[in-house]
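# Survey of secondary and tertiary structure
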Amino acid sequence: MDILFFAAIAAFLVLRLRSVLGKRTGHQSNDFDPFRDRQGAEKAADEKIVRLPDGRRPAEPQPADQPEDTALAGTERPAVKGVAAVRAADPAFDEAGFLQGARAAFEMIVTAFAQGDAKALRPLLADEVYKDFSGAIDERQARKETLDTTLVGIEKAELAEAELQGRTAFVTVRFVSQQVNVTRDAEDRIVDGDANEVETITDLWTFARNVKSRDPNWKLVATQSSQ
């Protein structure tokens, strides 16, 4: 499943993302890829499942105000048609698997950014996003500051938007997470954040992928967040 994408999805973002992208707003390696690993496991399990000829259950009547696909029951209505378009272009696309991989990607990206690991971020981000993030890391290091980010937990990860533009699929996920973010100077003094404050942060991350490509990985192409 192409959800096994985020190619190693190394973790980072958040706190300084605010500085980079507004107020909070594919490569081969040994990095852990939650999507690719999950794909192998699901493929093996899938071979033991007997399906109808068309691969799905018979359609059942649905209320007019409900998504036709029960798999999209938890998806925001604006994203339903977009998901259908993406799936039509790439039948392997699976919303549940995508979101599971996206959650893992979020954690990895947040962590990598806090650690200043630009190398780990490179294969996960589109050029412009990588430029912004790596630039923020460089600025932080130039000031001899360190960022400590503790991702307490992800309360929610849901599809917010989806669309197909030509061969490129764009899927936006809304993450609601609890975090503790603290920036310290060279003398270990806190210059931003509160080590005793857990913040609830809402992020909108958009991932993109060429559905005609053999590469199953998605890249982060845009971020926006707010408290």
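See the structure printed just above.
Only a predicted model underlies this, so the values are computations on that prediction, with no experimental measurement involved.

## Regarding helix α6 (residues 127-142)
For an α-helix, 3.6 residues make a turn, and residues three or four places apart therefore share a direction. Taking 1.5 Å of rise per residue, the 16 residues of α6 would be expected to cover 22 Å, and the 22 Å separating its terminal C-alpha atoms lies within 8% of that figure. Where α6 is concerned, the buried positions are Val129, Phe133, Ser134, Ala136, Ile137 and Arg140. Along the axis of α6, the buried residues cluster in a sector spanning 150°; they form a single face. Pointing more than 90 degrees away from the buried face of α6 are the exposed residues Asp127, Glu128, Lys131, Glu139 and Ala142.

## Re the packing of helix α4 (residues 95-115) against α6
In the contact formed by α4 and α6, the axes pass within 9 Å of each other and the chain directions differ by 35°. Facing α4, whose interface residues are Phe113, Ala114 and Gln115, α6 presents Phe133, Ala136, Ile137 and Arg140. Split into classes, the residues belonging to the contact of α4 with α6 amount to five nonpolar, one polar and one charged.

## A look at the nonpolar core
Note on soluble globular proteins: their nonpolar side chains tend to be buried together. Phe98, Leu125, Val173, Phe175, Trp205, Phe207 and Leu220 are the most contacted members of the largest nonpolar core, which totals 35 residues. Within the residue set of this core, elements represented by two or more residues are α3 (77-89), α4, α5 (118-121), α6, β1 (146-165), β2 (168-184) and β4 (199-210). At nine residues, α4 tops the list of elements feeding residues into this core.

## Things to note about the packing of aromatic side chains
Enumeration according to the criterion identifies nine aromatic pairs in this entry. Measuring from centroid to centroid gives 6.3 Å for Phe98 and Phe207, while their planes differ by 80°, and the two rings are edge-to-face. Taken as a pair, Phe98 in helix α4 and Phe207 in strand β4 lie far apart in primary sequence, 109 residues in all. Just as Phe98 is buried, Phe207 falls in that class too. Judged by centre distance (5.8 Å) and plane angle (65°), the ring pair of Phe113 and Phe133 falls under edge-to-face. A residue pair is termed long-range when its members are at least 10 positions apart, and Phe113 in helix α4 and Phe133 in helix α6 qualify at 20 residues. Of the two residues examined, Phe113 and Phe133, each falls in the buried class. Put simply, the rings of Phe93, Phe98, Phe106, Phe175, Trp205, Phe207 and Trp218 touch in pairs and so form one group of aromatic residues. Residue placement shows Arg122 over the ring face of Tyr130; its charged tip is 4.2 Å from the ring centre. Positioned over the ring face of Phe113 is Arg140, at 5.1 Å from the centre of the ring.

## A closer look at unusual backbone geometry
Residues apart from glycine generally show negative phi values, whereas peptide bonds are mostly found in trans. At Lys144, a residue that is not glycine, the phi angle is positive and equals roughly 60°. Within the secondary structure, Lys144 sits in the loop between α6 and β1. Backbone geometry at Asp188 places phi at a positive 65°, although glycine is not the residue there. Topologically, Asp188 is positioned in the loop between β2 and β3 (190-193). For Asp188, a relative accessible area of 53% corresponds to the exposed category.

## Brief notes about the pairing of β2
For β2, the tally of buried residues reaches 13 of 17 residues, placing the bulk of the element in the interior. One ladder, built from 17 bridges, connects β1 with β2; its direction is antiparallel. Bridging across to β2, Gly153 finds its partner in Gln178. Joining the antiparallel neighbours β1 and β2 is a turn of two residues, in which Gly166 adopts a positive phi near 65°. The sheet contact formed by β2 and β4 spans 12 bridges and is antiparallel.

Rules used throughout
- Residues numbered from 1 in each chain as written.
- Predicted model: local features only at pLDDT ≥ 70, side-chain atom pairs only at ≥ 80, totals over all residues.
- Heavy atoms only, no water.
- Helix = DSSP H or I, 4+ residues; strand = E, 2+ residues; numbered from the N terminus.
- Expected span 1.5 Å × (residues − 1).
- Buried < 20%, exposed > 50% of the residue type's maximum accessible area, 1.4 Å probe, protein only.
- Arc of directions from axis to C-beta.
- Axes fitted to C-alpha atoms, helices over the stretch in contact; angles between N-to-C directions.
- Contact = heavy atoms within 4.5 Å.
- Nonpolar A, V, L, I, M, F, W, Y, C, P; charged D, E, K, R; others polar.
- Core = buried A, V, L, I, M, F, W, Y, C linked by side-chain atoms within 4.5 Å.
- Phe/Tyr/Trp six-rings, centres within 6.5 Å; stacked < 30°, edge-to-face > 60°.
- Lys NZ or Arg CZ within 6 Å of the ring centre and 35° of its normal.
- Pairing = 2+ DSSP bridges.

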